Amino acid sequence: MSAPRRQVHLAAHFPGVNNTTVWADPRSGSQIDFTSFVHLARTAERGRFDFFFLAEGLRLRELKGRIHDLDVVGRPESLTVLSALAAVTDRLGLAATVNATFNEPYELARRLATLDHLSEGRAAWNVVTTSDAFTGENFRRGGFLDRADRYTRAAEFVRLSRALWDSWRPDAIVADQAAGVFVRPQDIGTVRHDDRHFTVEGRSTVPRSPQGHPVIIQAGDSDEGREFAASSADVIFSRHGTLEEGKAFYADVKRRLARYGREPHELKIMPAATFALGGTDAEAAEKAAEIRRQQVGPQTAIAFLEQIWGRDMSAYDPEGPLPDVDPEPEEGLSQGRVRLADRTAVAAKWRAVAEEKNLTIRELVIEMTGRQSFVGSAATVARRIEEFVQGEAADGFILVPHLTPGGLDDFVEEVVPILQERGVFRTEYAGPTLRDHLGLAVPRPALRDHLGLAVPRPAREGAS
Amino acid sequence: MTTVPLHLAVALDGAGWHPAAWRDPAVDPRELFTARRWAGLVTEAERGLLDFVTIEDALSLQSTLPDGPDERAGQVRGRLDAVLLAARLAPLTKRIGLVPTATTTHTEPFHVAIGIATLDHVSAGRAGWRVQVSPRRTEAAHFGRREVPPLDPRRLDTDLLADLFGEAADAVEVARRLWDSWEDDAEIRDVPTGRFVDRDKLHYIDFTGARFSVRGPSITPRPPQGRPIVTVLDHGHSRVPYELPARSADIVHVTPHSRAEAEAITGRIRALPREGEPLKIFADLVVFLGEDAAARKAGLDELDGAEFTSDAAVFTGTAEELADLLLDWREAGIEGYRLRPGAVPHDLEAITRRLVPALRRRGAFRREYEAATLRGLLGLPRPDSRYREAATV
């Protein structure tokens, strides 16, 4: 008999501030009105998705020393808008990307536990780190963190947050009106933490939340990021690649789990994925090309080129050929974006492609950046998704639509029913919490004897 | 002759302001941390057409001691983050203002500012922020970033308070600049030029203060109200009493215990320098309402083993008597009240179902919501961004 078919997990990424978000389309709605968030979240819930996902950016992106004005700009504070969404959804997980560098554990752990209460067990935290002084200019401590310490801080932050989440025993609240006992004070532990990044002592104000610990998501493909995810995360949000790349990444990350005494199913691998759907595969391909043209307008094409070449290219015609100029090897023009490791090599590769295929600047940028992960009819896309999941290249996907707020409508109407018919995607939620959707156990509460003790250091921490 | 209507707010916290309120059989004490219970309270307040609710909060557990846990089992302990709680309630209400408490002492001004701006977006213009400082050593130890002596209310450290209030004023200034940092028409979606925003309408705020500096602009577009409402509770104990609210708030909550005290307080406040719209002065009162109010309070006192007292005046009596008192203090310059119900839901329902009709009979309270935003309910105009070019007007 064959093994049971692996179940697909799906999440919805709010399009928002992203160069894949198309804003010039007449169907494109507001990136800030609450109604846009409600539409996307309710669509995802109708499709029985695991969770809804919000990215974060704590400083407006800049290019050439000026605010980048070609992409969607402006977003809400993630946890606040997710709290509001908890009122208009019932089962959908609610995941916020929140920076571990420019927050403090006591406050953030408290806010995440609050969201878990207010959503009855649907909160998730995508832990990200930065160290740049550019973002730091909006915060008390500026660019205080050495780049090498990003993951040591994040790991310590998560460890301390979990100690705070564990510090109230689940039955600490007695609420016996006749006897006059509301709470057993001895069941509220005092957390004592004194380590490299944080010195914290005291009690949490939030009773143990429905999930015990909100779900931890970790984004990042680096070796350090993988190790951190293997030690600390419930979901890893990775980059999408080929089936073979996916299998290699999947095997590598799952292999690391044993070191931390964890089972393979305890960490879900969910790459980001874009898509274009059509009535037929050919129609979808046409639509995908059209979306790419919308995503890379003439000005955006030049801006992309400038980021790689590291110099002003505004004099060139985006619909004309790639000019014969060399990239600036040192100086970085862009801020708030991932810096390119090796300009010269990337530029050489781009030039080779442009010459081989005889492409204009805009065509080249379309060719070289952000092609859709899944293009095809609903049946084709469903089959591809299943290939990745059954082939152990992913446990599911975080889908990134290109339109706000209707970008997920077709997927939910057309692809989800096919996955359901194939028996690889839920038709109803099995339980009320995000941990239920992801098949994750509720962490065991701390023993009473352990309350009031210092936060233990793990046997092995990260890859440092 | 018509009188100017009063403004009414209620302050929500736990099962009410009396520490034994959770033992009332009308309360299910297991529900205190659920959205369902809070939704019931806020919709009740909205049914009474109140201006706003405030939500108490602090970064440490409640305690009967001035600083540090008291190990008491018989009182409510635990609170959720108030800003998130307010956001959770926003989609369930339509008109009532939502004013969560957030401290300025250990938080990032940038995060608080975008949190309140987001609350304003999800509530379509009903957000406020009750600014609070954290003088306790207990709270400082939760962050490990500053040394603070234990709080002793008999010997307040005026230097520390001046420092914390100064920091609060800076945090409010940062928030307001961030709220203004996107002009209202910054988003242009101009297809021919490929520009989503007009970056000349996005502004660096370049704030530098003693405790922090913030560059800006905000990541969140301008809130629907332009600037959400800022409120401050002030007991007048600082070195310059009421200086913080006069400088930084739209509303000050004060705690007079008599009409004469109210007069003295409003006189002091009106004498302070002030820019912009006049500061609105709201008095706080803890209220136990009904024919049996005094007996009810006495019963709760007995359950708690102590007579309940408060920084604010404690009123026990009927809704009619309270209506008379509110109108009497209005003569002393009080424009609104933040009522702290002794026990919830009992005293909240007494406010919405008895006090409000009693005030209406006296021509002193609205019969319908007259505006869609909290600023509108308070009669405050929507301000232009400070960065808007005067020449383009």
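Residues numbered from 1 in each chain as written. Chains lettered and ligands numbered in written order. Predicted model: local features only at pLDDT ≥ 70, side-chain atom pairs only at ≥ 80, totals over all residues. Heavy atoms only, no water.

- As annotated in an unreviewed UniProt entry, chain B is FMNH2-utilizing oxygenase from Planobispora takensis.
- Entered under Sequence similarities (unreviewed entry) in the UniProt record, the comment concerning chain B runs "Belongs to the NtaA/SnaA/DszA monooxygenase family." (UniProt positions renumbered as here; feature names shortened; annotations may be inferred.)

- Looking at an unreviewed UniProt entry, chain A carries the name Nitrilotriacetate monooxygenase component A, with the source organism given as Planobispora takensis.
- Recorded in UniProt under Sequence similarities (unreviewed entry), the annotation for chain A is "Belongs to the NtaA/SnaA/DszA monooxygenase family."

1. Some details on the overall build of chain B
Logical step 1: Counting secondary structure elements, chain B contains eleven helices and 13 strands.
Logical step 2: Over its C-alpha trace chain B gives a radius of gyration of 21 Å, about what one expects of a compact globule, namely 21 Å for 393 residues.
Logical step 3: Overall, the C-alpha framework of chain B stretches about 70 × 55 × 45 Å when taken along its three principal axes.
Logical step 4: Counting the 393 residues in chain B, one finds 63% classified as buried.
Logical step 5: Look at the contacts in chain B between residues 6 or more apart in sequence, and 76% of them connect residues 24 or more apart.
Logical step 6: When the accessible surface of chain B is totalled, it reaches about 14,900 Å², and 50% of it is carbon and sulfur. (Helix = DSSP H or I, 4+ residues; strand = E, 2+ residues; numbered from the N terminus. Rg over C-alpha atoms; globule rule 2.2 N^0.38 Å. Buried < 20%, exposed > 50% of the residue type's maximum accessible area, 1.4 Å probe, protein only. Contact = heavy atoms within 4.5 Å. Areas by Shrake-Rupley, 256 points an atom, 1.4 Å probe, with all protein chains shown as cover.)

2. What to know about the overall build of chain A
Logical step 1: Along the backbone of chain A there are 14 helices and 18 strands.
Logical step 2: Computed over the C-alpha atoms, the radius of gyration of chain A is 23 Å, within 12% of the 23 Å expected from 2.2 N^0.38 for a compact globule of 464 residues.
Logical step 3: On the principal axes, the C-alpha backbone points of chain A span a range of 80 × 50 × 45 Å.
Logical step 4: Considering only residue pairs separated by 6 or more positions, chain A has 77% of its internal contacts joining residues 24 or more positions apart.
Logical step 5: Carbon and sulfur atoms provide 49% of the accessible area of chain A, an area that totals close to 18,100 Å².
Logical step 6: Across chain A, 58 positive and 67 negative side-chain charges occur, with their mean positions spaced 4 Å apart. (Lys, Arg positive; Asp, Glu negative; His and termini not counted. Charge placed at Lys NZ, Arg CZ, Asp CG, Glu CD.)

3. Considering the pairing of strand β3 (residues 97–103) of chain B
Residue and element names in this part refer to chain B.
Logical step 1: Across the seven residues of β3, seven count as buried, placing the element largely inside the fold.
Logical step 2: Judged by which residues are buried, β3 turns out to be covered on both faces: Gly97, Val99, Thr101 and Thr103 on one side and Leu98, Pro100 and Ala102 on the other are all buried.
Logical step 3: In this view, the connection linking strand β2 (residues 52–55) to its parallel neighbour β3 by way of helix α2 (residues 82–89) has right-handed handedness.
Logical step 4: Summarising the sheet, β3 and strand β4 (residues 128–132) pair through three bridges and their orientation is parallel. Its bridge partner lying in β4, threonine 101 is registered against arginine 130.
Logical step 5: Of the crossover connections in this fold, the one passing from β3 over helix α3 (residues 109–122) to the parallel β4 is right-handed. (Right-handed = clockwise from strand over helix to strand, strands pointing away. Pairing = 2+ DSSP bridges.)

4. Comments concerning the pattern of salt bridges
Logical step 1: All chains considered together, the criterion is met by 82 salt bridges over all chains.
Logical step 2: Of the charged contacts in the structure, one is a salt bridge between arginine 59 of chain A and glutamate 62 of chain A, with a shortest N-O distance of 3.2 Å. By the burial criterion, arginine 59 of chain A is buried, and glutamate 62 of chain A matches it.
Logical step 3: A cluster of three or more residues bridged by salt bridges with shared partners is formed by Glu173, Arg177, Asp180, Asp184, Arg222, Arg227, Arg382 and Arg386 of chain B. (Salt bridge = Lys/Arg side-chain N within 4 Å of Asp/Glu carboxyl O.)

5. Structural notes on the domain arrangement of chain A
Size of an interface, as often reported, equals the accessible area lost when the parts are brought together.
Logical step 1: Domain annotation for chain A reports domain 1 (9–278 + 372–450) and domain 2 (297–368).
Logical step 2: A separation of 33 Å is found between the C-alpha centroids of domain 1 of chain A and domain 2 of chain A. (Domains from an automatic or database assignment.)

6. Regarding the pairing of strand β11 (residues 280–289) of chain B
Look at any regular strand and the pattern is simple: side chains alternate between the two faces of the sheet.
All names here are of chain B.
Logical step 1: Taken across its ten residues, β11 has ten buried, putting it largely inside the fold.
Logical step 2: Burial along β11 is two-sided: the residues Lys280, Phe282, Asp284, Val286 and Phe288 and Ile281, Ala283, Leu285, Val287 and Leu289 are all buried.
Logical step 3: Bridge analysis of strand β10 (residues 251–254) against β11 gives four bridges, and the strand direction is parallel. Directly across from histidine 253, in β11, lies its bridge partner phenylalanine 282.

7. Some points on the environment of leucine 70 of chain A
Logical step 1: Following the sequence through the fold, leucine 70 of chain A ends up in the loop between β4 (66–67) and α2 (78–86).
Logical step 2: Spatially, the C-alpha atoms of leucine 70 of chain A and leucine 305 of chain A are 14 Å apart, while their sequence positions differ by 235 residues.
Logical step 3: In contact with leucine 70 of chain A, not counting residues within four places along its chain, are Trp23, Gln299, Thr300 and Ala303 of chain A together with Thr193, Gly194, Arg195 and Phe196 of chain B.

8. Side note on the packing of aromatic side chains
All names here are of chain A.
Logical step 1: Inspection of every chain in the model, using the stated rule, returns 20 aromatic pairs over all chains.
Logical step 2: Ring plane angle 65° and centroid distance 6.3 Å describe the contact between phenylalanine 14 and phenylalanine 52, whose orientation is recorded as edge-to-face. Residue phenylalanine 14 is found in the loop between β1 (9–13) and α1 (34–46), and its partner phenylalanine 52 is found in strand β2 (residues 51–54); the two are separated by 38 residues along the sequence. For the residue pair phenylalanine 14 and phenylalanine 52, the accessibility class agrees, reading buried in each case.
Logical step 3: Judged by centre distance (5.6 Å) and plane angle (75°), the rings of phenylalanine 388 and phenylalanine 397 are edge-to-face. You'll find phenylalanine 388 and phenylalanine 397 in the same group, each marked buried.
Logical step 4: One cation-aromatic arrangement involves arginine 59 over phenylalanine 134; the distance from NZ or CZ to the ring centre is 3.9 Å.
Logical step 5: Positioned over the ring face of phenylalanine 144 is arginine 141, at 3.8 Å from the centre of the ring. (Phe/Tyr/Trp six-rings, centres within 6.5 Å; stacked < 30°, edge-to-face > 60°. Lys NZ or Arg CZ within 6 Å of the ring centre and 35° of its normal.)

9. Details of the UniProt feature "binding site: FMN" (unreviewed entry) in chain B
Residues and elements named next belong to chain B.
Logical step 1: UniProt tags Asp57, Thr101 and Ser238 as "binding site: FMN" (unreviewed entry).
Logical step 2: Here aspartate 57 shows up in the loop between β2 and α2.
Logical step 3: Considering the arrangement of structural elements, one finds threonine 101 in strand β3.
Logical step 4: What threonine 101 contacts, discounting residues up to four positions off in sequence, is Ile55, Glu56, Asp57, Ala82, Arg130 and Gln132.
Logical step 5: From its side chain, threonine 101 meets the backbone oxygen of isoleucine 55 in a polar contact 2.6 Å long. (Polar contact = N/O pair within 3.5 Å; in protein donor to acceptor, adjacent residues only side chain to side chain.)

10. Some points on the sheet that holds strand β13 (residues 268–269) of chain A
Residue and element names in this part refer to chain A.
Logical step 1: Ordered by their spatial adjacency, nine strands build an open sheet running β13-β12-β11-β6-β5-β2-β1-β18-β14, and the pairing between neighbours is parallel. A strand with exactly one partner marks an edge of an open sheet, and here the two such strands are β13 and β14 (272–273).
Logical step 2: Pairing analysis gives four bridges linking strand β6 (residues 123–128) to strand β11 (residues 215–219), with the strands arranged parallel. Bridged to valine 127 within β11 is glutamine 218.
Logical step 3: Contacts from helix α5 (residues 150–166) reach β6 and β11 within the one sheet, and its direction differs from that of β6 by about 155°.
Logical step 4: Where helix α6 (residues 223–232) meets the sheet, its contacts fall on β6, β11 and β12 (235–237), and the angle it forms with β11 comes to roughly 170°. (Axes fitted to C-alpha atoms, helices over the stretch in contact; angles between N-to-C directions.)

11. Remarks on the interface of chain B and chain A
Logical step 1: Between chain B and chain A, the contact holds 81 residues from the first and 76 residues from the second.
Logical step 2: Carbon and sulfur atoms supply 58% of the area buried between chain B and chain A, which totals about 6,600 Å² over both sides.
Logical step 3: Sorting the residues of chain B by area buried against chain A places Leu84, Arg199 and Ile219 of chain B first, and these three jointly supply 11% of that buried surface.
Logical step 4: Run the count over chain B and chain A and you get eight salt bridges. (Buried area = accessible area lost by both parts, 1.4 Å probe.)

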